[in-house]
Amino acid sequence: MIESVEQGNKTMNDLIIKAAKDLAGAKSVAALTGAGISVESGIPPFRGKGGIWETIDPMEYAHINAFMENPEKVWNVLLRGLKEIIEQAKPNDAHKGLAKLEKLGILKTIITQNIDGLHQRAGNTDVIEFHGNFAWHRCLDCNKRCETLKIDLKEIPPRCECGGILRPEFVFFGEAIPSYSLMRSQEVASECDIMLVVGTSAIVQPAAFMPMIAKESGAKIIEVNPEKTPLTGRISDYLLMGKAGQIINKLTTEVEKLLEVPS
Ligand code: NAD
Ligand code: ZN
């Protein structure tokens, strides 16, 4: 049965300590992260309060057909703003905490739905970018890659030297997940003994399926989210309710205490 503070049977601190004990004793921990983990870095999520979809229709702007039909419109409404926001963002306490858990030898792999590169910047070394990344673009005509930081937005849509239009290396709606990422994620999910599920609405498939694979393979699922999700109460063993930065920070401190890491 799911344990959460809402049930009134545990205080949040008790639950965090319990989760920390599980983590400290685990052999192989994986994390699945979503847009929520980057909210405290200033990057809005898609769904929910303050989400990008409160103002724009995803099918109009985040679908591959929309991009192919009118790249100028998608660049102006979605990609231009995303580039500015991501370039200014820095890893927050949640990204840093997960990097610390890797250094402590606890966390092995992160499967992220995010395209912002903040896990790698925080120091995690095994990050599966399930939906690709925004760090690179490639030319629709000659396939040449170009670093997003070097793209000049004077011309929209931006173009390659050959004149072809540049597209981000992330997965638009309507596109398939790269088979390597999908296969590795399934492998990681089936082999971990704990999966931390942080800041994801667990709605976008097939990413949301990874906690199910983990659970079916015998793993414990620890969710961190200020809201309930479709996993809560069905798949998750605990819901640590709150903002990712604060919760992961406390969780990491507790793990360090258990492992007697000098502060
Ligand atoms: P989502 O937008 O569907 O859901 C965000 C989740 O984060 C919600 O469950 C919400 O309750 C939770 N949340 C909000 N603030 C939080 C906080 N401070 N701490 C912890 N959790 C918090 O995100 P999703 O499930 O990742 O799926 C949407 C898709 O959008 C992803 O696949 C991703 O590719 C893309 N996306 C990526 C970014 C990014 O790279 N940072 C940003 C927006 C969308
Ligand atoms: Zn080109």
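Everything discussed here concerns the structure shown above.
Description of the structure in this document. (Residues numbered from 1 in each chain as written. Chains lettered and ligands numbered in written order. Predicted model: local features only at pLDDT ≥ 70, side-chain atom pairs only at ≥ 80, totals over all residues. Heavy atoms only, no water.)

Protein ligation of the zinc ion (ligand 2) involves Cys139 (SG), Cys142 (SG), Cys160 (SG) and Cys162 (SG), the donor distances falling in the range 2.3 to 2.4 Å. Seen from the zinc ion (ligand 2), its four donor atoms lie at angles of 101 to 119°, and the figure they make is tetrahedral. When the donor residues of the zinc ion (ligand 2) are listed from N- to C-terminus, their spacing reads C-x2-C-x17-C-x1-C. Taken as a pair, Cys139 in strand β5 (residues 132-139) and Cys162 in the loop between β6 (145-147) and β7 (166-170) lie far apart in primary sequence, 23 residues in all. (Donors = N, O, S within 2.8 Å, 3.2 Å for Na, K, Ca; no water. Tetrahedral: all angles 85-135°; square planar, octahedral: opposite > 155°, others 65-115°. Helix = DSSP H or I, 4+ residues; strand = E, 2+ residues; numbered from the N terminus.)

Moving on: the pattern of salt bridges. Where charged atoms from two side chains of opposite charge approach closely, those side chains can pair. Going through the model one piece at a time under the given rule, you end up with 14 salt bridges. A salt bridge links Arg145 to Glu169; its shortest N-O distance comes to 2.9 Å. Of the two residues, Arg145 sits in strand β6 while Glu169 sits in strand β7, which places them 24 residues apart along the sequence. For Arg145, a relative accessible area of 43% puts it in the partly exposed group. One network of salt bridges, in which partners are shared, links Arg138, Arg145 and Glu169. (Salt bridge = Lys/Arg side-chain N within 4 Å of Asp/Glu carboxyl O. Buried < 20%, exposed > 50% of the residue type's maximum accessible area, 1.4 Å probe, protein only.)

Around ligand 1 sit 25 residues, and of these Arg47, Gln113, His131, Ser201 and Asn225 come closest. Backbone polar atom of Phe46 to an oxygen atom of ligand 1: 2.8 Å apart, as the coordinates give it. The separation between an oxygen atom of ligand 1 and a polar main-chain atom of Gly199 is 3.2 Å. A total of 850 Å² of accessible area belongs to ligand 1 in isolation, and the protein chains cover 92% of it. Here the residues of the shell around ligand 1 sort into ten nonpolar, ten polar and five charged. Each of domain 1 (1-43 + 91-131 + 177-258) and domain 2 (44-88 + 133-170) gives at least three residues to the shell around ligand 1. (Near = heavy atom within 4 Å. Polar contact = N/O pair within 3.5 Å; in protein donor to acceptor, adjacent residues only side chain to side chain. Areas by Shrake-Rupley, 256 points an atom, 1.4 Å probe, with all protein chains shown as cover. Nonpolar A, V, L, I, M, F, W, Y, C, P; charged D, E, K, R; others polar. Domains from an automatic or database assignment.)

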